[in-house]
Structure formats: structure tokens, C-alpha cells
Amino acid sequence: MIETTNMILAELSSYANPKAKLSRLVKKGIYIQIVRELYETDRDVPRHLLAGSIYGPSYISFAYALGFYGMIPEAVYAVTSAMFEKRKNKKYQTPFGVFLYRDVPSAVFPLGIRLLQEGDYFYRIAEPEKALCDQLYTMPPTANIRELSALVFDDLRVEETAFQSLSAEKVSFLAQFYRSTNIRRLATLLRRRQRG
């Protein structure tokens, strides 16, 4: 389980020096320090379950979410998450892997997110449409639909069947909050592909 330094020190309050005891427990591997002030007790916890606690408010998105949903073939090694109004990307190297955080517009931040549970852990992850929109938001604007199509299928390598299953209505709804050429074009591309 995830615990903060204060939670652990409260549990160890019967010891003469709780901080020294915590230090010994970390050396023994009872607690694994994720980042400053944050520990995990399970060495084998899936890393995506930690992303929201490392930095928040945030939700898992971008390439990691696309991989999570099987929309792209590559394994994604860093857990990528969205945040808002920070204007600067954040990166955390931890014993559980690399965690990256990028800005999305604050108006779109709370939309299209699922709250999932695995065991005792809860985490937030973008729906597939939102994950793709977030990814395209961070990329340079395309000149036309053909360029966007190449970006989606050749560069990002989004699976055709996964793309076809996306909701054009959701993408169109989200597009108004991003104010992004790529996402407006994505809504058009999706509608064209689904009409066949």
C-alpha cells in the first residue's frame, strides 16, 4: 500500500526515534521510497497504480493509456499522465520506473476520465478517445487531414480496428475544449473513416 512519511511515523510513534526506525525499515525493504515523502509496501505493485499519488491532480493518458487499451502495438515504458496549469513537464525516476506528467487545457482536464480499481488501489485513466486527443494535443499541428492520418496511423501506429471503435461524438465534444487543429481534424477523420 502507498503510505506517506507522516502516516508511517504515526504508526511508529511508540519507538524512541520513529525516523531512525523508518530508515531501518527502508534498508530492509519493508518500505520502498517512491519519491520524497511517499512509500510503497509492495515491491511488485503495477506501476500505473502509483501515478496519481506521485503527482496530482493527474490521470494516466497519452502513450501509456493508448498502450493500456491496446490501441498501439508498442510497449510503453514510462507511465504518462496529464495534469493542468503547470506549464512545465514533470519527470520522476523511481524504483518502480519513470513517470512523466504533461499539461492539457484546464477546461478539458476533468472530462473523459475513468476511475478504476485494482485490489485496494484506485486510479484515474483517460478514456481511449481522450488519451488519443491528449497525445495529439502535444504534437505539432498538421496541415491537413492526410497529414493527420499519417500521424495517427504511421507515426503513432494506432491500430485501425481500435481507431474505428472510437466515438466520433466524444471526440467532437472534446475538440471544443482543446482549441487544437489536430483534434478538430481527428473528429473529421474519424467520421470519414466510420462512414467508410
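Scroll up for the structure.
Residues numbered from 1 in each chain as written. Predicted model: local features only at pLDDT ≥ 70, side-chain atom pairs only at ≥ 80, totals over all residues. Heavy atoms only, no water.

## Brief notes about the overall build of the chain
Okay, step 1: Across its full length, the chain holds 9 helices and 9 strands.
Okay, step 2: For the chain, the residues scored as buried account for 45% of the 196 residues in total.
Okay, step 3: Excluding contacts between residues fewer than 6 apart, the proportion of contacts in the chain whose partners are at least 24 apart in sequence is 58%.
Okay, step 4: Here the chain has roughly 10500 Å² of accessible surface; of this, 50% comes from carbon and sulfur atoms.
Okay, step 5: A distance of 6 Å separates the average location of the 27 positive side-chain charges in the chain from that of its 20 negative side-chain charges. (Helix = DSSP H or I, 4+ residues; strand = E, 2+ residues; numbered from the N terminus. Buried < 20%, exposed > 50% of the residue type's maximum accessible area, 1.4 Å probe, protein only. Contact = heavy atoms within 4.5 Å. Areas by Shrake-Rupley, 256 points an atom, 1.4 Å probe, with all protein chains shown as cover. Lys, Arg positive; Asp, Glu negative; His and termini not counted. Charge placed at Lys NZ, Arg CZ, Asp CG, Glu CD.)

## A short note on the packing of aromatic side chains
Okay, step 1: Considering all chains together, one arrives at 11 aromatic pairs under this definition.
Okay, step 2: Judged by centre distance (5.6 Å) and plane angle (45°), the ring pair of tyrosine 137 and tyrosine 178 falls under tilted. Note that tyrosine 137 is positioned in helix 5 (residues 128-137) and tyrosine 178 in helix 8 (residues 168-178), a separation of 41 residues in sequence.
Okay, step 3: Between phenylalanine 173 and phenylalanine 177 the ring centres are 5.2 Å apart and the planes differ by 70°, which places this aromatic pair in the edge-to-face class. Here phenylalanine 173 pairs with phenylalanine 177, and both are found in helix 8, just 4 residues apart, close to one helical turn.
Okay, step 4: A network of ring pairs unites the aromatic residues Tyr55, Tyr92 and Tyr101 as a single cluster.
Okay, step 5: In this arrangement the basic side chain of lysine 86 is found over the ring face of phenylalanine 84, its NZ or CZ atom lying 6.0 Å from the centre. (Phe/Tyr/Trp six-rings, centres within 6.5 Å; stacked < 30°, edge-to-face > 60°. Lys NZ or Arg CZ within 6 Å of the ring centre and 35° of its normal.)

## Notes on the pairing of strand 5 (residues 79-83)
Okay, step 1: The buried fraction of strand 5 amounts to 5 of the 5 residues, a majority that puts the element mostly inside the structure.
Okay, step 2: Side chains Val79, Ser81 and Met83 project from strand 5 onto one buried face, and the interleaved Thr80 and Ala82 project onto a second face that is buried too.
Okay, step 3: Pairing analysis gives 2 bridges linking strand 4 (residues 59-60) to strand 5, with the strands arranged antiparallel. Paired with isoleucine 60 across the two strands is serine 81, which belongs to strand 5.
Okay, step 4: Where strand 5 meets strand 7 (residues 97-103), 5 bridges bridge the pair, whose relative direction is parallel. In the sheet register, methionine 83 faces strand 7, and the bridge partner there is aspartate 103. (Pairing = 2+ DSSP bridges.)

## A closer look at the packing of helix 8 against helix 9 (residues 181-195)
Okay, step 1: Between helix 8 and helix 9, the shortest axis-to-axis distance is 8 Å and the interhelical angle comes to 165°. Here helix 8 is positioned roughly antiparallel relative to helix 9, judged by the angle of their axes. Handedness of the helix 8/helix 9 crossing: left-handed. Facing Ala168, Val171, Ser172, Ala175 and Tyr178 of helix 8, the residues of helix 9 in contact are Ile183, Arg184, Leu186, Ala187, Leu190, Arg191 and Gln194.
Okay, step 2: In the contact of helix 8 with helix 9, the residues fall into 8 nonpolar, 2 polar and 2 charged. (Axes fitted to C-alpha atoms, helices over the stretch in contact; angles between N-to-C directions. Parallel < 35°, antiparallel > 145°, perpendicular 65-115°, else oblique. Left-handed = near helix turned anticlockwise from the far one by under 90°. Nonpolar A, V, L, I, M, F, W, Y, C, P; charged D, E, K, R; others polar.)

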